[in-house]
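Listed below are the residues making up each chain.
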Amino acid sequence: MPAAIRFACPDDAEAILSIYAPYVVSSPVTFEATVPRVYDFKRRIAAISASLPFLVCVADGKIAGFAYAVSQKFGTAFSQNICLYVYISNEYQRCNIASALYLALLSLLKAQEYRRVLAFVTSSNQVCEAFHSAFGFEKVGTLKKAGYKLGKWHSVSIFEKSLSDSDAPPVPPKSISELDPAFCERNFKKCAKIIRLR
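Residues numbered from 1 in each chain as written. Predicted model: local features only at pLDDT ≥ 70, side-chain atom pairs only at ≥ 80, totals over all residues. Heavy atoms only, no water.

Chemist: Break down the side chain of N187 for me, citing the residues and quoting the values.
Modeler: Inspection of the secondary structure puts N187 in helix α5 (residues 181–192). For N187, a relative accessible area of 5% puts it in the buried group. A distance of 3.1 Å separates the side chain of N187 from the backbone oxygen of A104, its partner in a polar contact. Here the side chain of N187 touches S107 through a polar contact of 3.3 Å, side chain to side chain. (Helix = DSSP H or I, 4+ residues; strand = E, 2+ residues; numbered from the N terminus. Buried < 20%, exposed > 50% of the residue type's maximum accessible area, 1.4 Å probe, protein only. Polar contact = N/O pair within 3.5 Å; in protein donor to acceptor, adjacent residues only side chain to side chain.)

Chemist: Quick rundown of the packing of aromatic side chains? Include the residues and the values.
Modeler: One pass over the full model with this rule turns up 15 aromatic pairs. Their ring planes at 40° and their centres at 5.9 Å tell us that Y20 and F41 sit as a pair that is tilted. Of this pair, Y20 sits in helix α1 (residues 13–26) while F41 sits in helix α2 (residues 38–49), and the two are 21 residues apart along the sequence. Here the aromatic rings of F54 and F66 are separated by 6.0 Å at their centres, their planes lie at 10°, and the arrangement is stacked. With F54 in strand β2 (residues 54–59) and F66 in strand β3 (residues 62–71), this pair connects stretches of sequence that are 12 residues apart. On the basis of relative accessibility, which here comes to 1%, the residue F54 falls in the buried class. (Phe/Tyr/Trp six-rings, centres within 6.5 Å; stacked < 30°, edge-to-face > 60°.)

Chemist: Describe the environment of L109, listing the residues and the values that go with them.
Modeler: Structurally, L109 can be placed in helix α3 (residues 97–111). Under the relative-accessibility criterion, L109 is labelled buried at 0%. Remark: the alpha-carbon pair of L109 and C95, spanning 14 residues in sequence, is separated by 23 Å. Setting aside its immediate chain neighbours within four residues, L109 contacts L52, P53, A69, I82, L84, Y114, V117 and L163. (Contact = heavy atoms within 4.5 Å.)

Chemist: Hey, could you go over the pattern of salt bridges for me, with residue numbers and the actual values?
Modeler: Between side chains of opposite charge, a pair can form when the charged atoms approach closely. Across all of its chains, the model carries 7 salt bridges by this definition. Across the pair E91 and K62 runs a salt bridge, and its minimum N-O distance is 3.0 Å. With E91 in the loop between β4 (81–88) and α3 and K62 in strand β3, this pair connects stretches of sequence that are 29 residues apart. By relative accessible area, E91 is classed as partly exposed at 43%. According to the relative accessible area criterion, K62 is partly exposed, its value standing at 36%. With its nearest N and O atoms 3.8 Å apart, the salt bridge here joins K174 to E113. Linking K174 in the loop between β7 (152–162) and α5 with E113 in the loop between α3 and β5 (116–122), this pair joins segments that are 61 residues apart in sequence. (Salt bridge = Lys/Arg side-chain N within 4 Å of Asp/Glu carboxyl O.)

Chemist: So what about the sheet that holds β4? Which residues, and what values?
Modeler: Picture the strands of a sheet paired through backbone hydrogen bonds; they go either parallel or antiparallel. Taken in spatial order, the 7 strands of this open sheet run β1-β2-β3-β4-β5-β7-β6, and their pairing is mixed. Bordering the open sheet on either side are β1 (4–7) and β6 (138–149), each of which pairs with just one other strand. Ignoring strand direction, the axes of neighbouring strands in this sheet form an average angle of 25°. Where β1 meets β2, 4 bridges bridge the pair, whose relative direction is antiparallel. In the sheet register, A4 faces β2, and the bridge partner there is V58. Where α2 meets the sheet, its contacts fall on β2 and β3, and the angle it forms with β2 comes to roughly 115°. (Pairing = 2+ DSSP bridges. Axes fitted to C-alpha atoms, helices over the stretch in contact; angles between N-to-C directions.)

Take a look at the structure:
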């Protein structure tokens, strides 16, 4: 069965946490210090999904990776900016799942009329930095010693990518629920085609 991309739902929380937990416990990829409870993560998925895309990739009948967008909390002037995050199961690394999820996210966010996407990458994570550069993100700065985890300070690189070069005044972004479901499904199927399972 080929891999598929779909919207996440709260019932996916336990499977998603099985992917996310190792990053929390043993990696500075995320600065979250403790693994969230399943109940709390269900609420997190529901809160994000109310207006933004939270996606999962299903491979071999199980969730192999997930990605989502969150808004910046810097006031109305920054409402056109959005942050992206992606996490892949160790079992499914190097299968193009992260790329497929990012392509799907970017297409949805552009349709929602967001103008710029941001990614915050731990500077020691050269693979992730290269991934964003290959995706057309530009490294625009570094937050030095921004987070402390696993006994040391870590700097964070800031990457950005424009979804629109228009100088027109911004319009309020659409909610994810306002997008045509048929468009979303076509987007998912198109992006999933690049996944190459071993």
